[in-house]
Each structure stands twice: as structure tokens, then as C-alpha cells.
Amino acid sequence: MKNHLIKYCHVLLILCLITGTSAAKDWERIENLKGYWKFSIGDDMEWADPDYDDSSWEKIRVPSTWEDQGFHGYNGYAWYRTKFYMPARYEGYSIKVVLGYIDDVDEVYLNGELIGSSGSFPPDYNTAYFAFRKYPVPLNHINYGSENTIAVRVFDSQLGGGIVNGEVGVYGYTQGMKLSLNL
């Protein structure tokens, strides 16, 4: 049985390579999040609130280290915030937020709700530098046909910090059926 399963997987892999099919292609980028985000050094959990007034915050480019954008040598906590519009036609599809690579630790909030984290913040610090960040979004956390707010809490212990690399965006799995119940 094990040999048949291995052969099946090899055949499936070869077919995917020949046809160019992959599960990743089924995810459509709904919103490209590359560009300028609001940014502030420090740490305040109120900053996750979508109604928080961030109008006085700096703007820095994502993805890129914050050291490359005027925060040379800064190690510690910082927050990023951005807004995006979610078209109503995506309601019922699986959605994920992709933030690529973050140096070192993160928590990601969508409309004030925690949707994912990687690593551990001090005092039990544990880096997640090499972890690729993609977080599934519960359907009830998204404002369809309206604006949404992403807030990212980051801790960096040394060298370059922040949302540093990757195809950041909001993605939807639009090839399958719409969900009527999100487990």
C-alpha cells in the first residue's frame, strides 16, 4: 500500500509540473499590500483597534526593514497599520493574509481581532525570523463591501526589523465553492 501511495504522489507531482498546476495558483490576490503603511515604534495594545487615530504616525514601505527607512539601529517593539477594501463578491470564500517574512516576532490583527502570530514576545522571547507568515482569516472578521484594518505588532531583537520580505497581500481561494459554514 505504501509503495502505491508513493507512486501516486510521484505521478501527481509530474502532472502538476507538466500542466503548471499547483494549489498556490488557486489563491487569487485580492489586495496587494505592498506600499506605504502607517508605522510607530513602541508598544500599545490600543493600536490594534481599527478606530485608533494613526494620522500622526510615520509612513514606511512594506516590505522593507525599518532600519532602511530612517529607524537605524532600532531594536524593540513597533506597530504597522494599513487599510484595504474587501469587495462583497468574496464573501464566503476562504481568505488569508500573507505578510511574508517578519523579523523577529509578530501578532496580526484584522479589524481588532487577533488572526495569527509567530514567535514569542519577551520575556519568553523566541524568534520566528525564518517563518513565512500566512494567516487564515475567520469569515466573520472581515467587513465585506467595506474597509478593513490590519495592525501588526512586531518585536525585533537585533539587526534589521519589521515586515522585511515577501508578496504581502490579502488572498482568496476562489476556485472552490463558497463556504456556508467556516469551521
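What counts and what doesn't
Residues numbered from 1 in each chain as written. Predicted model: local features only at pLDDT ≥ 70, side-chain atom pairs only at ≥ 80, totals over all residues. Heavy atoms only, no water. Buried < 20%, exposed > 50% of the residue type's maximum accessible area, 1.4 Å probe, protein only. Helix = DSSP H or I, 4+ residues; strand = E, 2+ residues; numbered from the N terminus. Pairing = 2+ DSSP bridges. Contact = heavy atoms within 4.5 Å. Salt bridge = Lys/Arg side-chain N within 4 Å of Asp/Glu carboxyl O. Axes fitted to C-alpha atoms, helices over the stretch in contact; angles between N-to-C directions. Phe/Tyr/Trp six-rings, centres within 6.5 Å; stacked < 30°, edge-to-face > 60°. Lys NZ or Arg CZ within 6 Å of the ring centre and 35° of its normal.

A few points about the pairing of strand β9 (residues 146-156)
Here is step 1: Buried residues dominate β9, accounting for nine of its 11 residues.
Here is step 2: Bridge count between strand β4 (residues 76-86) and β9: 11 bridges; the pairing is antiparallel. Bridge pairing in β9 places Y80 opposite V152.
Here is step 3: With six bridges joining them, strand β6 (residues 105-110) and β9 adopt antiparallel strand pairing. Looking at the pairing, E107 lines up with R153 of β9.

What about the side chain of D54?
Here is step 1: Here D54 is to be found in the loop between β2 (35-41) and β3 (58-62).
Here is step 2: Residue classification places D54 among the buried positions, given a relative accessible area of 11%.
Here is step 3: What D54 contacts, discounting residues up to four positions off in sequence, is K38 and R81.

A closer look at the pattern of salt bridges
Here is step 1: Going through the model one piece at a time under the given rule, you end up with seven salt bridges.
Here is step 2: Between E167 and R29 there is a salt bridge; the shortest N-O distance is 3.4 Å. Here E167 is found in the loop between β10 (162-165) and β11 (169-173), whereas its partner R29 is found in strand β1 (residues 27-32), with 138 residues between them in sequence.
Here is step 3: Residue R29 is classed as partly exposed on the basis of its relative accessible area, which comes to 35%.
Here is step 4: Note that E107 and R153 form a salt bridge whose closest N and O atoms lie 3.3 Å from each other. Taken together, the residues E107 in strand β6 and R153 in strand β9 connect sequence positions 46 residues apart.

A word on unusual backbone geometry
Here is step 1: Along the chain, D103 connects to D104 via a cis peptide bond; the corresponding omega equals 10°.
Here is step 2: Take D104: it is sitting in the loop between β5 (94-103) and β6.
Here is step 3: Across the junction of P122 and P123, the peptide omega takes the value 15°, indicating a cis bond.
Here is step 4: Among the structural elements, P123 can be located in the loop between β7 (113-118) and β8 (132-137).
Here is step 5: Even without being a glycine, N111 presents a positive backbone phi close to 55°.
Here is step 6: When you line up the elements, N111 lands in the loop between β6 and β7.
Here is step 7: Given the relative accessible area of 14%, N111 is considered buried.

Let's talk about the sheet that holds β4
Here is step 1: An order of β3-β2-β4-β9-β6-β7 is seen for the six strands of this open sheet, with the pairing classed as antiparallel. Edge strands, defined here as strands with exactly one partner in the open sheet, are β3 and β7. Recorded for the sheet is a direction-independent mean angle of 30° between the axes of neighbouring strands.
Here is step 2: Inspection of the sheet shows β2 paired to β4 by four bridges, in the antiparallel sense. What sits directly across from I41, in β4, is A78.

Side note on the packing of aromatic side chains
Here is step 1: Taken as a whole and judged by the stated rule, the model has 16 aromatic pairs.
Here is step 2: Ring centres of W79 and Y109 lie 5.9 Å apart, and the angle between their planes is 20°; this geometry places the pair in the stacked category. With a gap of 30 residues between them, W79 in strand β4 and Y109 in strand β6 connect regions that are remote in the sequence.
Here is step 3: Ring pairs connect the aromatic residues W37, F39, W66, F71, Y74 and Y80, which therefore count as one cluster.
Here is step 4: The lysine or arginine in question, K96, covers the ring of W27, its NZ or CZ lying 4.1 Å from the ring centre.

Purely spatial values, then, with no claim about function.
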